[in-house]
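# Observations on chain architecture
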Amino acid sequence: MATRIELRGCSKTFANGTRALEPLDLVVEPGECLVLLGPSGCGKTTLLRMIAGLTEPDVGGRIRFDQKDVTALPIESRKVGMVFQSYALFPNMNVAQNIGYGLRIRGDSRAAIDSRVTQLLKLVQLDGYAGRRVDELSGGQKQRVALARAVAIEPSVLLLDEPLTALDAKLRETLRLELKRLLAALAVTSVFVTHDQAEAMALGDRIAVLSKGRIEQIGSAEDIYARPASEFVAQFVGQVNRVRLPGFGEVLVRPEHIRIVAPSLQNGGAIESEINADSVSVDATVRLITFLGNLIQIDLQLDDDQGVVVEVAGLAYASVQVEAQLASGRRVQLTFDKGTFLRPSRMLEANHSFQLKI
């Protein structure tokens, strides 16, 4: 049965007076993977360590695993598994010994340890690696050994502190998929810390976005991307344009929601303006075109010197390219639809006029 984690009124002030976490409430549902996402210094690792029992909350904060108050319990009494960024494997032990370490400390029989290690080697796709030394493993293999070691004791809670950060980009992407598969197979309540938004969106059932020791928003990847609760979330999760538009003032809009129209070379380069209550079109000049594989990023400058980035799928770009020979210096028209503007709910609820400084 998966564990429910509940934090109530938890904050953290260190001895030197640094306030790492403001008072917060948080619930992680049984079996879900909650990702703590935010920039360096936002408090996400402090929060993870608090759940682990490595850091105590300030007086008054309470932490419960199901109905049990674990606030005063150290990590060894909480039945948690941890995977660190550095892996923290024992260099003097082989793969099987690393994975079985917690089981030996717990006093399990040799037969039980061997059986569990064999099961986990298969789960993390390292069959045949039991006798390998740690220094013979790649970064990805070390990460999987660290994960297997963490889950060997069948923890009630699995905690992962940026375990993929040290890997190269392609390997991170591959292991992200493997980790998602493993977490689903284990069905254990897990909390994952990262500053990488793609990682957060790929792995999290829900994502908690943190800033300056506060939780800005908790929700699904779609929620925080399409319906950000604050300006910080809108800007931190995904790319966003802040642009001043005639009739609408200053707005936030995602690069993929801006339509780009280039003048056809066949009709003399004319652009037919389209302005109404629900959209506005403005003239712009292409500054830079960047090929990113599955999409094209186009950097443009509006006639009032504002910068805007538009992203289009490769096929959509190709149709414009063929029609108008889109290139740096080319004149185009951008259309912004009112329905795609991001309006952070916290700003609206506070009666802000949604004016953003450019």
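Residues numbered from 1 in each chain as written. Predicted model: local features only at pLDDT ≥ 70, side-chain atom pairs only at ≥ 80, totals over all residues. Heavy atoms only, no water.

## Focus on the sheet that holds strand S15 (residues 295-302)
To summarise the sheet geometry, strands pair through backbone hydrogen bonds and adopt either a parallel or an antiparallel arrangement. Spatially, 5 strands are ordered S13-S17-S14-S15-S16 in an open sheet, and the strand pairing comes out antiparallel. Strands at the two margins of the open sheet, each flanked by one partner only, are strand S13 (258-261) and strand S16 (307-313). Each adjacent strand pair in this sheet contributes to an overall mean axis angle of 40°, direction not counted. Of the pairings in the sheet, the one linking strand S14 (residues 279-291) to S15 comprises 7 bridges and is antiparallel in character. Looking at the pairing, leucine 288 lines up with aspartate 299 of S15. (Pairing = 2+ DSSP bridges. Helix = DSSP H or I, 4+ residues; strand = E, 2+ residues; numbered from the N terminus. Axes fitted to C-alpha atoms, helices over the stretch in contact; angles between N-to-C directions.)

## Section: the packing of helix H4 (residues 139-152) against helix H5 (residues 169-186)
The contact between H4 and H5 brings their axes to 11 Å, and the two run at 20°. Taken together, the axes of H4 and H5 lie roughly parallel to each other. Note on packing geometry: the crossing formed by H4 with H5 is right-handed. Contacts between H4 and H5 involve Gly139, Gly140, Gln143, Arg144, Leu147 and Val151 from the former and Leu171, Leu175, Glu178, Leu179, Leu182 and Leu186 from the latter. Partitioning the contact of H4 with H5 into residue classes produces 7 nonpolar, 3 polar and 2 charged. (Parallel < 35°, antiparallel > 145°, perpendicular 65-115°, else oblique. Left-handed = near helix turned anticlockwise from the far one by under 90°. Contact = heavy atoms within 4.5 Å. Nonpolar A, V, L, I, M, F, W, Y, C, P; charged D, E, K, R; others polar.)

## Observations concerning the nonpolar core
Of all hydrophobic cores here, the largest spans 44 residues; its most connected members are Ile99, Leu147, Leu158 and Ile207. It is H4 that contributes the most residues to this core, 7 residues altogether. Apart from residues no more than four positions distant in its own chain, leucine 158 is found in contact with Gly81, Val83, Leu147, Ala150, Val151, Leu183, Val188, Thr189, Ser190 and Val191. Counting residues in each nonpolar core, the second largest holds 26 residues, with Cys10, Leu34, Leu48 and Ala208 among its members. (Core = buried A, V, L, I, M, F, W, Y, C linked by side-chain atoms within 4.5 Å. Buried < 20%, exposed > 50% of the residue type's maximum accessible area, 1.4 Å probe, protein only.)

## Let's talk about the pairing of strand S9 (residues 206-211)
Side-chain positions along a regular strand alternate between the two faces of the sheet. Burial analysis of S9 places 5 of its 6 residues in the buried class, which makes it a mostly covered element. Pairing geometry for strand S3 (residues 33-37) and S9, over 4 bridges, is parallel. Within the sheet, the bridge partner assigned to leucine 37 lies in S9 and is valine 209. Judged from the 5 bridges that link them, S9 and strand S10 (residues 214-219) form a sheet pairing that is antiparallel. Counted as the bridge partner of leucine 210 is isoleucine 215 from S10.

## Section: the environment of arginine 181
You can see arginine 181 is positioned in helix H5. For the pair formed by arginine 181 and valine 124, sequence separation is 57 residues and the distance between their alpha carbons is 9.7 Å. Ignoring anything within four residues of it in the chain, the contact list for arginine 181 reads Leu123 and Gln125.

## A look at helix H3 (residues 110-123)
Here H3 is 14 residues long and its end C-alpha atoms lie 20 Å apart, about the 20 Å a rise of 1.5 Å per residue gives. All of the buried residues along H3 are Ile113, Arg116, Val117, Leu120 and Leu121. The buried residues of H3 occupy an angular sector of 135° when the element is viewed end-on, so they sit on one face. Those residues of H3 that are exposed and aimed more than 90 degrees away from the buried face are Ala111, Thr118 and Lys122. Buried residues along H3 sit in contact with helix H2 (95-106) and H4. Taken from the residues just after H3, glutamine 125 is the one with a positive phi, measuring 60°. (Expected span 1.5 Å × (residues − 1). Arc of directions from axis to C-beta.)

## Considerations on the sheet that holds strand S6 (residues 80-83)
Ordered by their spatial adjacency, 6 strands build an open sheet running S6-S7-S8-S3-S9-S10, and the pairing between neighbours is mixed. Since the sheet does not close on itself, it has two edges, and those belong to S6 and S10, each with one partner. Shown here is a sheet whose adjacent strand axes are inclined to one another by a mean of 20°, direction ignored.

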